[in-house]
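# Examination of the molecular architecture
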Amino acid sequence: MSALIGLQCHMCQALRPAEAVYACDRCLGPLEPVYDYDAIHLTREDIERRPKNIWRYRELLPITGVPQTGFHTGFTPLVRCTRLADKLGVDELYVKDDSVNHPTLSYKDRVVSVAATRAAELGFSVLACASTGNLANSVAAHAARLGMECSVFIPDNLEAGKRLGSAIFGPTILAIAGTYDDVNRLCSQVADRYGWGFVNINLRAYYAEGAKTLGFEIVEQLGWRYPHHIVSPVAGGTLLPRIVRGLREMKHIGLVDGALPRVHAAQAAGCAPVVTAILDGSDHPEPVRPQTIAKSIAIGNPADGYQVIQTVRTTGGTGVAVPDEKILDAIHLLAETEGIFTEPAGGTTLAGAIELIERGVIPRHESIVVCVTGNGYKTTEVVADAVVEPVRLTRAFKDFEAWWETRASHRVSV
Ligand SMILES: *Cc1c(COP(=O)(O)O)cnc(C)c1O
Ligand SMILES: [Zn+2]
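Now for a description of the structure that goes with this document.

Reading the values: rules and limits
- Residues numbered from 1 in each chain as written.
- Chains lettered and ligands numbered in written order.
- Predicted model: local features only at pLDDT ≥ 70, side-chain atom pairs only at ≥ 80, totals over all residues.
- Heavy atoms only, no water.
- Buried < 20%, exposed > 50% of the residue type's maximum accessible area, 1.4 Å probe, protein only.
- Helix = DSSP H or I, 4+ residues; strand = E, 2+ residues; numbered from the N terminus.
- Arc of directions from axis to C-beta.
- Contact = heavy atoms within 4.5 Å.
- Axes fitted to C-alpha atoms, helices over the stretch in contact; angles between N-to-C directions.
- Parallel < 35°, antiparallel > 145°, perpendicular 65-115°, else oblique.
- Left-handed = near helix turned anticlockwise from the far one by under 90°.
- Nonpolar A, V, L, I, M, F, W, Y, C, P; charged D, E, K, R; others polar.
- Salt bridge = Lys/Arg side-chain N within 4 Å of Asp/Glu carboxyl O.
- Near = heavy atom within 4 Å.
- Polar contact = N/O pair within 3.5 Å; in protein donor to acceptor, adjacent residues only side chain to side chain.
- Phe/Tyr/Trp six-rings, centres within 6.5 Å; stacked < 30°, edge-to-face > 60°.
- Lys NZ or Arg CZ within 6 Å of the ring centre and 35° of its normal.
- Patch = residues over 30% accessible without salt bridge, like charges linked within 9 Å, V, L, I, M, F, W, Y side chains within 5 Å.
- Areas by Shrake-Rupley, 256 points an atom, 1.4 Å probe, with all protein chains shown as cover.

## Focus on helix H5 (residues 160-167)
All of the buried residues along H5 are Lys-162, Gly-165 and Ser-166. Along H5, the residues classed as buried sweep out an arc of 95 degrees about the axis, all on the same side. Each element contacted by the buried residues of H5 is listed here: helix H4 (134-146) and strand E8 (172-176).

Written out as structure tokens, the structure reads:
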């Protein structure tokens, strides 16, 4: 049933067995699973008949046995946003809403479902990660479900909701004094020395493939067609290139036709190494020290930055960096127009989309998908000061009435 052939180096094309390896042993290039596409016979109807989770595309995912977790992960809503579209003056706008992904409310459940299944197949007993928060939540939850030991490494400045969202599942949490990039460096050494299964280090090739499912779903949920534009957030750079890889694979096996969308990268201005490189015309991001409220995407030295830059360029997209005030405005706008509560990463993506629309880079009559990747209930501190306080009253009806009458008398219409 599996079409997985092995891992191939993205740079020198060397092929090797599908094991847990971080990089190409010849040139240190990133590794990508390769499949025997001729052996994959998959129709739209086959897919539509399957359960609504990421494994409905399992022939295109890098496992050799049966899925072990993620049975409710993915197939998140593609929300047609008519009120927000009216406000922005565009015709066809969608939010791909991974803020309600199962079980830990971010896009990371996709990548972890695949990496954890592969980790179990490869015989790992400890599941681990270096994380800006959401990944740790997801690794901890999936490890709990699989009965694996779990250690997650995070920077020591994360939001309370992100820390608690891991702690509840009972992993060992290591809060490291430093940035995500420091945490990641430490984890590479731990992976080498102790042989744990780090989903985003030595299992990264499998992990990254899980992100393709977001692209598959956009096509299927649009009725087996491509949109004109996709706006994606960028942190370590896993998601954006894999969305496009997924879009290309679907065309390759005959499930969709037409021109690929233009794919745009959004980052917070306080941590925008990839967007800066795109705008400067350089191939590699220059590392930065993050300073932004968008902590889940605050990665100053992105592992897959090069791939994001190449992908954005080949699709005819661009990059956009937005300041924290615009991120907050976008969080409120999405909540108030569409009833979707996202964290700063989603605010970044929407704010980036808005800027591209205003600049005319995204024409108003073309279809747009904005990827909302994380949930606002985990980062309530960023909006706590800006939301209205409740009206406080006694239990007496007359108090309510008095309040209502004074309020109504100040308003033209109710
Ligand atoms: C991890 C993450 C991203 C994107 O990360 P990549 O490393 O670029 O794949 C986007 N949004 C949220 C909420 C995340 O947690
Ligand atoms: Zn190589």
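## Brief notes about the packing of helix H10 (residues 273-280) against helix H11 (residues 305-315)
Following both chains from N to C, one finds H10 and H11 inclined at 45 degrees, their axes separated by 10 Å at the closest point. In terms of their interaxial angle, H10 and H11 are classed as oblique. At the point where H10 passes H11, the crossing takes the right-handed sense. Counting all contacts with H10, which are made through Val-274, Ala-277 and Ile-278, the residues of H11 involved are Gly-305, Val-308, Ile-309, Val-312 and Arg-313. Across the contact of H10 with H11, the residue classes break down as 6 nonpolar, 1 polar and 1 charged.

## Brief notes about the pattern of salt bridges
One pass over the full model with this rule turns up 23 salt bridges. The structure contains a network of salt bridges with shared partners spanning Glu-32, Glu-209, Lys-212, Arg-245 and Glu-249.

## Things to note about the site of ligand 1
Near ligand 1 lie 16 residues; those nearest to it are Tyr-107, Lys-108, Ala-235, Gly-236 and Thr-373. Between ligand 1 and the protein, one listed contact pairs an oxygen atom with a backbone N or O atom of Gly-236 at 2.8 Å. The side chain of Thr-373 places a nitrogen or oxygen atom 2.6 Å from a nitrogen atom of ligand 1. Looking at the shell around ligand 1 residue by residue, the classes come out as 7 nonpolar, 7 polar and 2 charged.

## A closer look at the packing of aromatic side chains
Counted according to the given criterion, the structure contains 10 aromatic pairs. With a centroid separation of 5.7 Å and 45 degrees between ring planes, the pair formed by Phe-153 and Phe-198 is classed as tilted. Here the residue Phe-153 occupies a position in strand E7 (residues 149-155), and Phe-198 occupies one in strand E9 (residues 197-198), the gap between them amounting to 45 residues. Pair check on accessibility: Phe-153 and Phe-198 agree, each one buried. With 5.8 Å between their ring centres and 55 degrees between their planes, Trp-403 and Trp-404 make a pair best called tilted. With relative accessibility at 31%, the residue Trp-404 sits in the partly exposed group. Among the aromatic residues, those joined into a cluster by ring pairs are Phe-153, Tyr-194, Trp-196 and Phe-198. Residue placement shows Arg-193 over the ring face of Tyr-194; its charged tip is 4.8 Å from the ring centre.

## A few points about a nonpolar patch on the surface
On the surface, Val-391, Leu-393, Phe-397, Phe-400 and Trp-404 cluster together into a nonpolar patch covering about 480 Å² of accessible area. Tracing the sequence through the fold places Val-391 in the loop between strand E13 (367-372) and helix H14 (397-409).

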